[in-house]
Amino acid sequence: MNTDVLAELAATLEARKTAAADTSYVASLHAKGLNKILEKVGEESIETIIAAKDVAHSDDKSDLIYETADLWFHTLVMLSHLDLGPDAILEELARRFNLSGIEEKANRTK
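Note that the coordinates shown come from a computational prediction; the quantities given were computed from them, not determined experimentally.

Requested: an account of the layout of surface pockets, with residues and values cited.
Unoccupied space between atoms shows up once a probe the size of one water molecule is rolled over them. If you add up the space inside the largest pocket, you get close to 420 Å³. Around the largest pocket, the lining is made up of 14 residues, and of these Leu-6, Leu-9, Trp-72, Leu-76 and Pro-86 lie nearest the centre. For the lining of the largest pocket, the secondary structure elements donating two or more residues are helix H1 (2-17), helix H4 (62-81) and helix H5 (86-95).

Rendered as structure tokens:
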């Protein structure tokens, strides 16, 4: 189910990429360009970090879930802007199965 939601969201983002900027938030981000999209990803990253730190002092995880959803959403907009989709990321994550994080990091080329 979760990958279905991701695929459906990616398709919706692609469709809205070419919509009128005054009728679609996603289209307005694309119209403003990559720097604005990256600004949103950065903003949502910070909000997610703050929400995660707040969870350490509370049993309520709803803000963390909400902010992480915003981060993922804006990251998907960024990928779409760069003509990538979630499948590329999922394939990379799948490639890393049965590979230790230490080994994966050591195998990276600079």
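What follows picks up the thread again.
Give a description of the nonpolar core that names residues and reports values.
Considering soluble globular proteins, one finds that nonpolar side chains tend to be buried as a cluster. Counting residues in hydrophobic clusters, the biggest one holds 10 residues: Leu-13, Val-26, Leu-29, Ile-37, Val-41, Leu-71, Leu-76, Val-77, Met-78 and Leu-79. Looking at this core, the elements that each hand over two or more residues are helix H2 (25-32), helix H3 (34-55) and H4. In terms of residues, this core owes the most to one element, H4, which gives five residues. When near neighbours in sequence (up to four residues on either side) are disregarded, Leu-76 contacts Leu-6, Leu-9, Leu-13 and Pro-86.

What counts, and where the lines are drawn
- Within any chain, residue numbers begin from 1 and follow the written order of that chain's sequence.
- It should be noted that, the model being predicted, local features are given only for residues of pLDDT at least 70 and side-chain atom pairs only at 80 or more, the latter also being counted only at that level, while totals for whole chains, interfaces and linings use all residues.
- Neither water nor hydrogens contribute to the side-chain values; these are computed over all heavy atoms in the structure.
- Lining residues are those with an atom within 4 Å of a point, where the points come from a 1 Å grid over the protein atoms alone and group into cavities, where a 1.4 Å probe fits but cannot get out, or pockets, open sets with protein on both sides within 12 Å along at least five of seven lines.
- Grid points are joined across faces, edges and corners, and a volume is the space filled by probe spheres set on the points.
- Strands here mean DSSP runs of E at least two residues long; helices mean DSSP runs of H or I at least four residues long; both are numbered from the N terminus.
- Buried residues of nine kinds, namely Ala, Val, Leu, Ile, Met, Phe, Trp, Tyr and Cys, make up a nonpolar core once their side-chain atoms join them within 4.5 Å.
- Think of it in three bands: residues with accessible area under 20% of the maximum for their type are buried, residues over 50% are exposed, and the middle band is partly exposed, with areas taken using a 1.4 Å probe on protein chains only.
- Working rule for contacts: check all heavy atoms of both residues, and any pair within 4.5 Å makes them a contact.

All quantities given are derived from atomic positions and should not be read as evidence of function.
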